[in-house]
Amino acid sequence: MLDSDDYDKIADPVERVRRVNELIDQHQAAVSELSRVRRELLEGLLASGWTQVKLAAALDMSRSRISQLLSAGVRPERALLGTGPKLLVAIGGKYETGRRDNKPLAVVSEQALAAYDQLSSLARSLGLATEYEVVPPPGMVQLNRDNLIVLTSPRLVPFVSLVLDADPHLGFSVDDLGWYLVDKTTGTEYRSPMEAGEPTDYAYIGRLPRPDGKGSFLYLAGIHGPGTAGAAHYIERNLADLYREVKGRRWSVLISCNFDPKTKQITSATPLTPIYRHEG
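Structural notes, computed from the coordinates. (Residues numbered from 1 in each chain as written. Predicted model: local features only at pLDDT ≥ 70, side-chain atom pairs only at ≥ 80, totals over all residues. Heavy atoms only, no water.)

### What about helix α5 (residues 110-125)?
Its 16 residues give α5 an end-to-end C-alpha distance of 23 Å, which sits within 8% of 22 Å, the value for a rise of 1.5 Å per residue. Buried within α5 are the following residues: Gln111, Ala112, Ala115, Tyr116, Leu119, Ser120, Leu122 and Ala123. Each element contacted by the buried residues of α5 is listed here: β1 (86-92), β4 (129-135), β5 (148-151), β10 (216-222) and α7 (225-246). (Helix = DSSP H or I, 4+ residues; strand = E, 2+ residues; numbered from the N terminus. Expected span 1.5 Å × (residues − 1). Buried < 20%, exposed > 50% of the residue type's maximum accessible area, 1.4 Å probe, protein only. Contact = heavy atoms within 4.5 Å.)

Structure follows, in structure tokens:
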């Protein structure tokens, strides 16, 4: 965090403006996060039996002010995505073939881009900006970053496979028949129905630890492309319920999604497994 002494010592006025802008962004992000936490705490007190009148008396506020705080500010479930002000979405890519210039260019699938668009729309509704980066082969994504979401299967981002080992309940596996998902707790294997020609795919969603131990990142990955889009669909429609279930813990769940075989648009997404908490 910068203070006035930091930018007062900068001789270049343009650079000074840039540094002041950074400081304002830091303060705004901190205020936004504190507002979210305050709203969550107030909602928790109401859920436990407190009334707005009782809260107003205890906090030396008017009842109208309590009501205002409960209706304004950042929705608590935003924390499931990140604490802002911006989310970074890393998407595994493949090299485009058949280019006339023969230059390697990493591109993402239509379904992965659809997943990003849905998450980006959800984030904007919660006051979060988003940007994405394409992770080219061999998929060495940098996981030690704040507010990170990673999309696509371990086929394209194999480094994530190492982190998935930290999930005691769910994960990906591969054999001669291809990639599949597994519930380690029950021993159940989930192979994509797409491989039998059905318009259904399976996906993993979870919050996993960063390799540096200084936080976590959100991971969404289908066995195939539609599963990744289905994972974003599930997050968008269940954000509040998911957050109430897991709060800030690490967690994971497998989901099944159905899609229109012609348009590839997701029509539904439902859980295959319980939502497993990794911590307590």
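### Re the pairing of strand β6 (residues 170-175)
Inspection of the sheet shows β6 paired to strand β7 (residues 178-183) by six bridges, in the antiparallel sense. Along β7, the bridge assignment pairs Gly171 with Val182. Linking two consecutive strands that pair antiparallel, namely β6 and β7, is a turn of two residues. (Pairing = 2+ DSSP bridges.)

### Some thoughts on the packing of α5 against α7
The contact between α5 and α7 brings their axes to 7 Å, and the two run at 15°. Overall, the two elements α5 and α7 adopt an arrangement that is roughly parallel. When you trace α5 past α7, the crossing you get is left-handed. Within the contact between the two elements, α5 uses Gln111, Ala115, Gln118, Leu119 and Leu122 and α7 uses Gly225, Pro226, Thr228, Ala229, Ala232, His233, Ile235, Glu236, Arg237 and Leu239. Considered class by class, the residues forming the contact of α5 with α7 number eight nonpolar, five polar and two charged. (Axes fitted to C-alpha atoms, helices over the stretch in contact; angles between N-to-C directions. Parallel < 35°, antiparallel > 145°, perpendicular 65-115°, else oblique. Left-handed = near helix turned anticlockwise from the far one by under 90°. Nonpolar A, V, L, I, M, F, W, Y, C, P; charged D, E, K, R; others polar.)

### Observations concerning the sheet that holds β6
Think of a sheet as strands paired side by side through backbone hydrogen bonds, with each pair either parallel or antiparallel. Taken together, three strands build an open sheet; the order of strands is β6-β7-β8 and the sheet is antiparallel. The sheet terminates laterally at β6 and β8 (188-190), the two strands that pair on one side only. Strand after strand, the sheet turns through a mean of 35° between neighbouring axes, direction not considered. Here three bridges tie β7 to β8, and the two strands are oriented antiparallel to one another. Note that in β8 the partner of Leu181 across the bridge is Tyr190.

### With respect to the layout of surface pockets
Of the voids in this model, the largest pocket is the one considered here, and its volume is about 400 Å³. The class makeup of the residues in the lining of the largest pocket is eight nonpolar, seven polar and five charged. Counted as a void, the second largest pocket has a volume near 230 Å³. Lining of the second largest pocket is provided by 17 residues; of these, Lys94, Ser109, Arg155, Leu156 and Gly225 occupy positions nearest its centre. Breaking the lining of the second largest pocket down by element, the ones donating at least two residues are α5 and α7. Considered class by class, the residues forming the lining of the second largest pocket number five nonpolar, ten polar and two charged. (1 Å grid on protein atoms, 1.4 Å probe; cavity = no way out; pocket = protein on both sides within 12 Å on 5 of 7 lines; lining within 4 Å. Points joined across faces, edges and corners; volume = space filled by probe spheres on them.)

### As for the nonpolar core
Membership of the largest hydrophobic core comes to 36 residues, with the highest contact counts inside it found for Leu81, Ile149, Leu151, Ile205, Leu220, Ile235 and Trp251. Of all the secondary structure elements, the ones that give two or more residues to this core are β1, α5, β5, β9 (200-209), β10, α7, β11 (251-259) and β12 (266-271). The greatest single-element share of this core, amounting to nine residues, is contributed by α7. When residues no more than four places from it in sequence are discounted, the contact partners of Ile235 are Leu80, Leu81, Leu119, Leu122, Ile205, Leu220, Leu242 and Trp251. Residues Val150, Phe172, Tyr204 and Ile223 belong to the second largest nonpolar core, which totals 24 residues. (Core = buried A, V, L, I, M, F, W, Y, C linked by side-chain atoms within 4.5 Å.)

### A few points about the side chain of Asp183
Looking at where Asp183 falls in the secondary structure, it is placed in strand β7. Here Asp183 is buried and forms no salt bridge, its nearest opposite-charge partner Lys184 lying at an N-O distance of 9.1 Å. Reaching out from Asp183, the side chain makes a polar contact with the backbone nitrogen of Thr185 at a distance of 2.9 Å. Not counting residues up to four positions away in its chain, the partners in contact with Asp183 are His169, Leu170, Thr188, Tyr190, Thr273 and Tyr276. (Lys, Arg positive; Asp, Glu negative; His and termini not counted. Salt bridge = Lys/Arg side-chain N within 4 Å of Asp/Glu carboxyl O. Polar contact = N/O pair within 3.5 Å; in protein donor to acceptor, adjacent residues only side chain to side chain.)

### Details of the packing of aromatic side chains
One pass over the full model with this rule turns up five aromatic pairs. Here the aromatic rings of Phe172 and Tyr204 are separated by 6.4 Å at their centres, their planes lie at 45°, and the arrangement is tilted. Of this pair, Phe172 sits in strand β6 while Tyr204 is found in strand β9, placing the two residues 32 residues apart along the sequence. Taking relative accessible area as the criterion, Phe172 reaches 14% and is therefore assigned buried. Summarising the aromatic geometry, the rings of Tyr204 and Tyr219 are spaced 5.9 Å apart at their centres and angled 50° between planes, so their arrangement reads as tilted. Taken together, the residues span a long stretch of sequence, with Tyr204 in strand β9 and Tyr219 in strand β10 at a distance of 15 residues. On the accessibility criterion, Tyr219 (0% relative accessible area) is buried. Among the aromatic side chains, those forming a connected cluster through ring pairs are Phe172, Trp179, Tyr204 and Tyr219. The cationic tip of Lys54 hangs over the ring face of Trp50; the distance from NZ or CZ to the ring centre is 4.4 Å. When the ring centre of Tyr180 is taken as origin, the NZ or CZ atom of Arg191, which lies over that ring, is 4.1 Å away. (Phe/Tyr/Trp six-rings, centres within 6.5 Å; stacked < 30°, edge-to-face > 60°. Lys NZ or Arg CZ within 6 Å of the ring centre and 35° of its normal.)

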